[in-house]
Amino acid sequence: MVSLANVVINAISISSLYAIIAIGFTLIFGVGGVLNFSHGALITIGAEASWLISGGSSPLELGLNPAVGLIGGMITAALVSGALYLGVVRFVEDEPVTLLILTFIIGFFIQHACRVFLTGTGNFSVDLIVGGSTNLGGIGVQNISVFIFVLSMLLVVLTGVFVSRTKTGKAILAVSMSDKGAAVVGIDARKINLVTWLLAGAFAGIAGVLLTMKNTGTWTMGTQPLILAFSIVILGGLGSIKGSVVGAYIIGFTETITTQYIDSSLQGFSALVLLIVFLLVKPEGLFGREAAE
Amino acid sequence: MSTENESIIGGSTSAERRQAVLEKLNPIAMPLRYQIGLLGLLLFVLLPTQLYPDQMGGPTTLIFLAIFGMSWDVVSGYTGQLSFGHAFFIALGGYTTAVLDIQHGITPVIGIPAGMIVAGIGGILVGLPALRLRGPYLSLVTLIVPIILSKLFTLFNNSFTPLGIPIAPEGLGGRNGPGLPTQLFGIDGSGAVVELASGYSGIQQTALANYYFALALMVVVLVVLIGVTRSSAGSVFTAIREDEDAVAAAGLDGAKFKLFAFVLSALVAGLGGAIWVHTIKTPTPLGILGQDDIQQSINLIIISILGGTGTIVGPIVGAVVYAMTGIVIGLIDPLIGFDLANLRPLPLLAAAMAVLVFAPGGILRASIRGGRMVLASARGEEYEGQSVGGDGDSALGEIIEKYRAELREIIDERR
C-alpha cells in the first residue's frame, strides 16, 4: 500500500507538469485564438531531443549531463514551435477550422516522424536529473518529484511575473484582450504571437523531458497530456492562466487518486468524465468570464 | 418545413413523374461528372477481376473507410458540427453485434441492426451536447468520447453487468477485444452465416462476397445520404452550417435537424462498423479506434478533406486516394532502393496538409472545376467560375466561417 503522503506528492508533481503544459496551450489560445493540437507533439519533441543529447542508447552517443538534455529539449521544442508559427500558422491564422485540423495533422506528422526516424515504437529513457530519494518526516520522497514540482512552480510564477511586469508580457496581455487596441498602441501582434509560441514550445519541451525522466518516453507520449491539457484549459476557462493552474491540480489529483485507490486502468478516464459533466453544467469553465491575466 | 416537393414538373400525373425520373437516370443524358461517377462505380465492380483473393483485403477496407467517411461528411461536412471522434459510433456498432454474437449467441442478422440502433443512441448522446456547446467545446466532447469508450472496454474487460443486467457477462475484452464474431461469409463448415464452397475456391468466394457485400452497402449508403442531403433536409443542414440564426428566423428548429444529422450519421457508421466486424475486421480498440483511440477518427477526417467535405461523394474519392498513396509508395520502393513503406503515414499526412492549405474544397471540387475549365477552353470560351482551389463555395470555407464566429463569441465573452 502506497502511503497517502506519497500519493499526494505524486499528484502534486504530475499536476504541476500538467500546469505548465496547459499554460502553453492556453497562452496560444488566449493570444492568437488558436487551438494548437500539435502541442502534444512538442512534448514528444522535447523528450526525443533530450534522449538524443543525454540518453544512454541514443545514436548520437553524446551522453551529456541530463541537465543539458533538459535545456536542449526545451530549446528544440521552442524552435520547432516557433518554426510552426512562422512557417505554417501565420498563413492560415484567420481560418480556425483549417488551423485546427492542420495542427492536428501536423502533430501526428511530427510524432510519426519521431517514430520513423528516431526511436521506433519502443520506449526510451534518460537519466534522472536528480536521483535518489529524501526522507521527509519519515516518508521517502523521490527527489525527481520534488524537482519537477519546484521547477514547474517556478515556471508558473515566472510566467505570472513575466506577463504582469515586463513590457513584452504586458503586450501579450494586451493582444489577448484586444488585438485592435494593441495595434493602436503600436504592438506588433505577429511578434507577440511568435513569443507566445516560443514560450509554449519551451514549456512543452520541458514537460516532455521531465515526463521521460519520471516515467519513460515513447513516440506517442504527447497525446495523453495534450488531451488532458485541453480538458484542463476548458475546466479552468479558455485563455486564463490562473484557471489552467487550478484546473491542472483538479485534473492531476482526480487522475492520481482514482488510479491509485480505485483502479489503475482508470487512467485518463475519471478526468474526462469529470470534464464532460463540467462541460454540460458550466461550459465557460471555472474562470471563464475573467480576462486573461 | 413544408413537405411538398418542388417537383421539376409541378402538378403532373404519376406517369409523367416516372417518365421524368427515368429521363434523369438515363446515363447517356447525364452531365459528364455523373457519367464519370458511374464509370468509377463500374471500376469498383470490375476491380476484383484484376486481383487475387488474398489481395482483396485492401480494397474491402477502402470501401469501409469510404462508408465511414461519408457518414462523417453528413454531420461535419454538412451541418459544420466538427466530430473528432467518429470511430466512437463505429465501435458502438461493431462491439454491440460482436458481444451479442459471441456472448449471447444472437445471429448477426439481428445483431447488425441492433448495433446500428445502439450507435444511433450514441448519436443522440453526442448530438444532445451539440445543441448547446459551441465550436471548440463540441470538438473536445467528440474527441474524448472514443477515449472514454476505450477505457470502458478495459475497465469492464472481464464482465459488464451494470445493475445486474448481463449486457456482456464475459466482458468487453480490454485491449484484445471480445474475440472473433461469426463471419457473414465463410467456407463450407466454418459456421459462417452464409457458407460457400469448401477449400480454396471457398476462400476465393469469401473474399469476393465480403467485397461485393461491402460495395453494395456503400452504394446503398451513398444513395440514401445523397437522397437526404439533396433533399430539403440537406438544405437545412447547409443553412445550419452557414447561419444558425437565419435558420431560426425562418421558423425552423435547427436543433432538431442537428440531432437528426448526428443520429443519421451514427446509424450509418454503426451499420458499417457492425458489418465490418462480421466480415474483415476483428473488433479491438486498436483496430477500430486506432492508435491512441483517436487515429481512426482523424483518418476519416483526412479522407473526407482529401476528397472534399460537404459532398458525400468526396469521401469515396478521398478513400481511393488514401489507398493509392500506399500502392504508389509500394511501387516506388524498389525503384529508389529505400524502404519508403516505413514512412507511412507521413506522405498521406503531407498530402492532407497540402490539400487543406491549397485546395480546401478537396480533390473532387478541384477536379470538377479543372474539368470545366478544360472543357470551356476546348470550346474556345472563357471559364466563368472560380479558379481551381478557390474556397469560394467550399463547405470547408463555410465551416471555417462558422467556427470563426463561434470562437470570436467565446473570446468576446471573456473580455
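Residues numbered from 1 in each chain as written. Chains lettered and ligands numbered in written order. Predicted model: local features only at pLDDT ≥ 70, side-chain atom pairs only at ≥ 80, totals over all residues. Heavy atoms only, no water.

1. Description of the overall build of chain B
Logical step 1: Helices and strands together make up the secondary structure of chain B, namely 16 helices and two strands.
Logical step 2: Scored against the burial criterion, the 415 residues of chain B give a buried share of 50%.
Logical step 3: For chain B, the proportion of contacts with a sequence separation of at least 24, taken over those separated by at least 6, is 69%.
Logical step 4: Taken as a whole, chain B presents about 18,500 Å² of accessible surface, with 64% of it coming from carbon and sulfur. (Helix = DSSP H or I, 4+ residues; strand = E, 2+ residues; numbered from the N terminus. Buried < 20%, exposed > 50% of the residue type's maximum accessible area, 1.4 Å probe, protein only. Contact = heavy atoms within 4.5 Å. Areas by Shrake-Rupley, 256 points an atom, 1.4 Å probe, with all protein chains shown as cover.)

2. Focus on the overall build of chain A
Logical step 1: Tallying secondary structure elements over chain A gives eleven helices and two strands in all.
Logical step 2: The helix and strand sequence of chain A, counted from the amino end, reads α-α-α-α-β-β-α-α-α-α-α-α-α.
Logical step 3: For a compact globule of 293 residues, the expected C-alpha radius of gyration is about 19 Å, and chain A comes in at 19 Å, within 12% of that figure.
Logical step 4: Along the three orthogonal principal directions, the C-alpha set of chain A runs to about 55 × 45 × 35 Å.
Logical step 5: Of all 293 residues assigned to chain A, the portion counted as buried reaches 56%.
Logical step 6: Within chain A, contacts between residues at least 6 apart in sequence are counted, and of these 74% link residues at least 24 apart.
Logical step 7: Approximately 11,000 Å² of chain A is accessible, and the part contributed by carbon and sulfur atoms is 66%.
Logical step 8: Between the mean site of the 12 positive side-chain charges and the mean site of the 13 negative ones, chain A shows a separation of 10 Å. (Rg over C-alpha atoms; globule rule 2.2 N^0.38 Å. Lys, Arg positive; Asp, Glu negative; His and termini not counted. Charge placed at Lys NZ, Arg CZ, Asp CG, Glu CD.)

3. Observations concerning the layout of surface pockets
Logical step 1: Reported here for the second largest pocket is a volume of approximately 960 Å³.
Logical step 2: The wall of the second largest pocket is formed by 29 residues, among which N215(A), Q224(A), E255(A), Q267(A) and K151(B) lie closest to the centre.
Logical step 3: Among the elements of the structure, α1 (4-32), α8 (189-214), α9 (223-236) and α10 (241-261) of chain A together with α6 (135-155) of chain B are those that each provide at least two residues to the lining of the second largest pocket.
Logical step 4: Classifying every residue of the lining of the second largest pocket by side-chain character gives seven nonpolar, 16 polar and six charged. (1 Å grid on protein atoms, 1.4 Å probe; cavity = no way out; pocket = protein on both sides within 12 Å on 5 of 7 lines; lining within 4 Å. Points joined across faces, edges and corners; volume = space filled by probe spheres on them. Nonpolar A, V, L, I, M, F, W, Y, C, P; charged D, E, K, R; others polar.)

4. Observations concerning the packing of aromatic side chains
Each pair of aromatic rings is reported with the distance of its centres and the angle of its planes.
All names here are of chain A.
Logical step 1: For the structure on display, the rule yields 18 aromatic pairs over all chains.
Logical step 2: On the numbers, 5.2 Å between centres and 70° between planes, the contact of F37 with F230 is edge-to-face. Of this pair, F37 sits in the loop between α1 and α2 (39-54) while F230 sits in helix α9, and the two are 193 residues apart along the sequence.
Logical step 3: Taking 5.6 Å as the distance between ring centres and 50° as the angle between the ring planes, the aromatic pair formed by W51 and F124 counts as tilted. Separated by 73 residues along the polypeptide, W51 in helix α2 and F124 in the loop between α4 (96-119) and β1 (133-136) bring together distant segments of the chain. The pair W51 / F124 is uniform in exposure class, with both members buried. (Phe/Tyr/Trp six-rings, centres within 6.5 Å; stacked < 30°, edge-to-face > 60°.)

5. Brief notes about the environment of S231(B)
Logical step 1: Looking at the element boundaries, S231(B) is found in the loop between α7 (199-229) and α8 (232-242).
Logical step 2: In this structure the side chain of S231(B) is engaged in a polar contact, spanning 2.6 Å, whose partner is the backbone oxygen of V228(B). (Polar contact = N/O pair within 3.5 Å; in protein donor to acceptor, adjacent residues only side chain to side chain.)

6. Section: empty space enclosed by the protein
Logical step 1: For the structure shown, the criterion picks out four cavities of 30 Å³ or more.
Logical step 2: Residue lining of the largest cavity: F37(A), G40(A), A41(A), F104(A), G107(A), F108(A), Q111(A), T223(A), L226(A) and I294(B), and that is the complete set.
Logical step 3: Secondary structure elements with two or more residues in the lining of the largest cavity: α2, α4 and α9 of chain A.
Logical step 4: When residues in the lining of the largest cavity are grouped by element, the largest group, four residues, is from α4(A).
Logical step 5: Classifying every residue of the lining of the largest cavity gives six nonpolar, four polar and no charged.

7. Some points on a nonpolar patch on the surface
Residue and element names in this part refer to chain B.
Logical step 1: A surface patch of nonpolar side chains, about 500 Å² in accessible area, is lined by L39, L42, V45, L46, L208 and Y212.
Logical step 2: Those elements that place two or more of their residues in the nonpolar patch are α2 (32-46) and α7.
Logical step 3: With four residues, the top contributor of residues to the nonpolar patch is α2.
Logical step 4: Position of L42 among the secondary structure elements: in helix α2.
Logical step 5: L42 gets classed as partly exposed once you look at its relative accessible area, which sits at 46%. (Patch = residues over 30% accessible without salt bridge, like charges linked within 9 Å, V, L, I, M, F, W, Y side chains within 5 Å. Salt bridge = Lys/Arg side-chain N within 4 Å of Asp/Glu carboxyl O.)

8. Structural notes on α2(A)
Logical step 1: With 16 residues, α2(A) ought to run about 22 Å at 1.5 Å a step, and its terminal C-alpha atoms sit 23 Å apart, in line with that.
Logical step 2: In terms of residue burial, α2(A) counts as a mostly covered element, since 16 of its 16 residues are buried. (Expected span 1.5 Å × (residues − 1).)

9. Re the confidence of the model for chain B
Residues and elements named next belong to chain B.
Logical step 1: Per-residue pLDDT for chain B averages 81, and the proportion of residues at 70 or more is 87%.
Logical step 2: Put simply, helix α16 (residues 395-414) is where chain B has its lowest mean pLDDT, 65, and helix α4 (residues 87-104) is where it has its highest, 93.
Logical step 3: Across residues 1-9, confidence stays below pLDDT 50; counting only partners more than four residues off in sequence or on other chains, it has nine contacts.
Logical step 4: Contacts of residues 387-392 to residues separated by more than four positions or lying in other chains number 13 contacts, the stretch itself having pLDDT below 50.
Logical step 5: Interface confidence in the predicted complex, given as ipTM, is 0.77; pTM for the same model is 0.81. (pLDDT = per-residue confidence, 0-100.)

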